[in-house]
Amino acid sequence: MEKMQHGNEKSCPTSPPVPRSSQSYTEDLVETLPTREGWSTPLILYKNCWLRSHMLNNFMRVQDNFKPRSNDVILATHPKCGTTWLKALSFAITNRSRYTSADHPLLKQNPQRLVPTIGAQGGDLDDIERLPSPRLLATHLPLSLLPPTVSTNGCRIVYLCREPKDAFISRWHFDNRMTKGDPINLDEAFTMFSEGCSPFGPFWDHYLQYWNESLERPHEVLFLKYEDIVFDPLKVVRNLASFLGVPFTDEEESRGVEEEVVRLCSFEALSSQGVNQKGGVERAGGKIFIEYSSLFRKGKVGDWVNHMSTEMGEKIDLLVEEKFKGSGLKF
Ligand code: PAP
């Protein structure tokens, strides 16, 4: 595993020294940033957010170079909170007049490919700049690492988070599949996650930034939970369509178009497509191959009980209570 040579190996995430106010992404700045090995990949702390070291330059560029447009829709998610699902639903809703169920792109392509991710591999900023409006984009970045104009120019954000214990277990499984070596020690990964040290973490800062933004701009920021989609997908699909400015008409309702969107984007439908069973995408210049099947594991609420002890569960619950106290955000 690649190891970072610079910075404070075990720096505490609760007292992060952000060395300069400059937004430049020069090498000497990077050398001063705290680093940690992480449980699967080296992490580096940039402006209070732990980012995967090999992606740092891409993400540092976003604040300076990504140009949000007022009619953009940004799907923002903490990792493993249902990004693939939200991309599929939003794409299906906004493109529903262009395709039939028989020729739909979701039958041939993974949803992650249909909605580009800002600053990530496969979501290059130049390519994103060339896209026609209105753009449907995605990001795992916290609000604090997006250009400030996303909060002022009227662009809309759909944020999706998930019960943290389930999000952690989902990540641990995914990373185990990616590393392909010895199984990742669950206790060590759990300790780091609880310290906020996970990609795009601390998770509580990520959730709270978008939560507070949704309270301040309720018409422009829609805050969703994975569990809400699981329990009542039809209701979420209707809300999402209205929020995106394309509500379902009475005529569409009578034809069952909303139900069809839910079905097309369901775990069962997507995970059984050939592309999602056998396909994948290369990353890191071919060094990593992400099998699309790794994005469809179980899709259940509460799977953490099958992997974590009651004590671990209680520890996260206490942390969540403490971090979200007074915010109105609950799990
Ligand atoms: P990412 O962070 O790499 O983008 P993301 O799509 O956010 O991944 O999360 C993957 C999780 O969403 C998986 O959860 P699990 O490990 O607990 O099973 C995956 O199964 C779940 N998921 C993906 N697509 C769907 C879907 N259509 N319906 C429900 N859950 C889904």
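Residues numbered from 1 in each chain as written. Predicted model: local features only at pLDDT ≥ 70, side-chain atom pairs only at ≥ 80, totals over all residues. Heavy atoms only, no water.

Colleague: Mind showing me how you'd approach the overall build of the chain here?
Modeller: When helices and strands are tallied, the chain shows 15 helices and nine strands. Split into buried and exposed, the 331 residues of the chain put 52% on the buried side. Of the contacts formed within the chain by residues at least 6 apart in sequence, a portion of 72% connects residues at least 24 apart. Of the roughly 15,400 Å² of accessible surface on the chain, a fraction of 51% belongs to carbon and sulfur atoms. Computed over 39 positive and 43 negative side-chain charges, the separation of the two mean positions in the chain equals 3 Å. (Helix = DSSP H or I, 4+ residues; strand = E, 2+ residues; numbered from the N terminus. Buried < 20%, exposed > 50% of the residue type's maximum accessible area, 1.4 Å probe, protein only. Contact = heavy atoms within 4.5 Å. Areas by Shrake-Rupley, 256 points an atom, 1.4 Å probe, with all protein chains shown as cover. Lys, Arg positive; Asp, Glu negative; His and termini not counted. Charge placed at Lys NZ, Arg CZ, Asp CG, Glu CD.)

Colleague: Sorry if this is basic, but what is going on with the pairing of strand E9 (residues 288-291) here?
Modeller: Two faces belong to every sheet, and in a regular strand the side chains alternate between them. Where strand E8 (residues 280-283) lies against E9, four bridges are found, and the strand directions are antiparallel. Opposite Val 281, over in E9, you have Ile 290 as the bridge partner. (Pairing = 2+ DSSP bridges.)

Colleague: I keep staring at the packing of helix H10 (residues 233-243) against helix H12 (residues 257-264) and nothing clicks. Help me out?
Modeller: Geometry of a packed helix pair, given as the angle between the helix axes and the separation of the axes. Contact pair H10 / H12: the axes reach a minimum separation of 10 Å and the direction vectors enclose 110 degrees. When the axes of H10 and H12 are compared, the pair comes out roughly perpendicular. Crossing of H10 over H12 shows right-handed handedness. Contacts from Pro 233, Leu 234, Val 237 and Arg 238 in H10 reach Glu 258, Glu 259, Val 261 and Val 262 in H12. Here the contact of H10 with H12 is composed, by residue class, of five nonpolar, no polar and three charged. (Axes fitted to C-alpha atoms, helices over the stretch in contact; angles between N-to-C directions. Parallel < 35°, antiparallel > 145°, perpendicular 65-115°, else oblique. Left-handed = near helix turned anticlockwise from the far one by under 90°. Nonpolar A, V, L, I, M, F, W, Y, C, P; charged D, E, K, R; others polar.)

Colleague: What is the right way to look at the site of the ligand in this model?
Modeller: Around the ligand lies a shell of 21 residues, among which Lys 80, Thr 83, Thr 84, Ser 170 and Lys 298 are the nearest. Ser 170 places a side-chain nitrogen or oxygen 2.7 Å from an oxygen atom of the ligand. For the ligand, the protein covers 96% of the area, taking 640 Å² as the surface of the free molecule. Counting residues per element, the ones that place at least two in the shell around the ligand are helix H3 (83-94) and helix H13 (267-271). The leading source of residues in the shell around the ligand is H3, at three residues. A breakdown of the residues in the shell around the ligand according to their chemical character gives nine nonpolar, eight polar and four charged. (Near = heavy atom within 4 Å. Polar contact = N/O pair within 3.5 Å; in protein donor to acceptor, adjacent residues only side chain to side chain.)

Colleague: What's the story with empty space enclosed by the protein in this structure? I'm lost.
Modeller: If you roll a probe as big as a water molecule over the atoms, it shows you where there is empty space left. Under the counting rule described, the total for this entry stands at three cavities of 30 Å³ or more. In terms of lining, the largest cavity is formed by Trp 39, His 78, Pro 79, Ala 167, Phe 168, Arg 171, Phe 193, Ser 198 and Pro 199. Broken down by class, the residue content of the lining of the largest cavity amounts to six nonpolar, two polar and one charged. (1 Å grid on protein atoms, 1.4 Å probe; cavity = no way out; pocket = protein on both sides within 12 Å on 5 of 7 lines; lining within 4 Å. Points joined across faces, edges and corners; volume = space filled by probe spheres on them.)

Colleague: Where do I start with the layout of surface pockets in this structure?
Modeller: By volume, the second largest pocket is sized at about 470 Å³. As for the second largest pocket, its lining consists of 17 residues, and the residues nearest its centre are Thr 94, Asn 95, Pro 134, Arg 135 and Leu 136. Each residue belonging to the lining of the second largest pocket can be placed in one class, and the counts come to ten nonpolar, four polar and three charged.

Colleague: What exactly am I supposed to notice about H12 here?
Modeller: At 3.6 residues per turn, the α-helix brings residues three or four places apart onto the same side. Looking only at H12, the buried set comprises Val 257, Glu 258, Val 261, Val 262 and Leu 264. Where H12 is buried, its residues meet H3, H10, helix H11 (250-255) and H13.

Colleague: Teacher, can you tell me more about the environment of Leu 114 here?
Modeller: Within the fold, Leu 114 resides in helix H4 (residues 111-114). Exposure remark for Leu 114: the relative accessible area of 16% places this residue in the buried category. In the structure, Leu 114 is positioned 163 residues away from Gln 277 in sequence and 17 Å away in space, judged by C-alpha atoms. Among all residues touching Leu 114, those that are not within four sequence positions of it are Phe 91, Pro 105, Leu 106 and Gln 109.

Colleague: Where do I start with the packing of aromatic side chains in this structure?
Modeller: Aromatic rings in a pair are described by how distant their centres are and how their planes are angled relative to each other. Inspection of the entire model under this criterion finds 17 aromatic pairs. Centre to centre, the rings of Tyr 207 and Phe 324 are 6.0 Å apart; their planes meet at 25 degrees, and the pair counts as stacked. Here Tyr 207, found in helix H8 (residues 203-216), pairs with Phe 324, found in helix H15 (residues 310-324); they are 117 residues apart in sequence, far enough to count as distant. Phe 324 shares its class with Tyr 207; the two are buried. The lysine or arginine in question, Arg 96, covers the ring of Phe 248, its NZ or CZ lying 4.2 Å from the ring centre. When the ring centre of Phe 331 is taken as reference, the NZ or CZ atom of Lys 225 above it lies at 5.0 Å. (Phe/Tyr/Trp six-rings, centres within 6.5 Å; stacked < 30°, edge-to-face > 60°. Lys NZ or Arg CZ within 6 Å of the ring centre and 35° of its normal.)

Colleague: Where do I start with the sheet that holds strand E3 (residues 49-52) in this structure?
Modeller: Picture the strands of a sheet paired through backbone hydrogen bonds; they go either parallel or antiparallel. Spatial ordering of the open sheet is given by E1-E2-E3, a layout of three strands whose pairing is antiparallel. Looking along the sheet, the strands with just one partner apiece sit at the ends: strand E1 (35-36) and E3. Note that strand E2 (residues 43-46) and E3 share four bridges and pair antiparallel. Bridge pairing in E3 places Leu 43 opposite Arg 52.

Colleague: What is the right way to read unusual backbone geometry from this model?
Modeller: For residues that are not glycine, phi is negative in most cases, and the peptide bond is trans in most cases. Residues Ser 133 and Pro 134 are joined by a peptide bond in cis, for which omega reads -5 degrees. Checked against the element boundaries, Pro 134 lands in the loop between helix H5 (125-130) and strand E5 (136-139). One non-glycine residue, Lys 47, adopts positive backbone phi at about 45 degrees. Of note, Lys 80 is a non-glycine position whose phi angle comes to about 65 degrees, a positive value.

Colleague: How should I be thinking about the side chain of Thr 117 in this particular structure?
Modeller: As for its position among the elements, Thr 117 is in the loop between H4 and H5. A polar contact of 2.9 Å, which involves the side chain of Thr 117, links it to the side chain of Lys 87.

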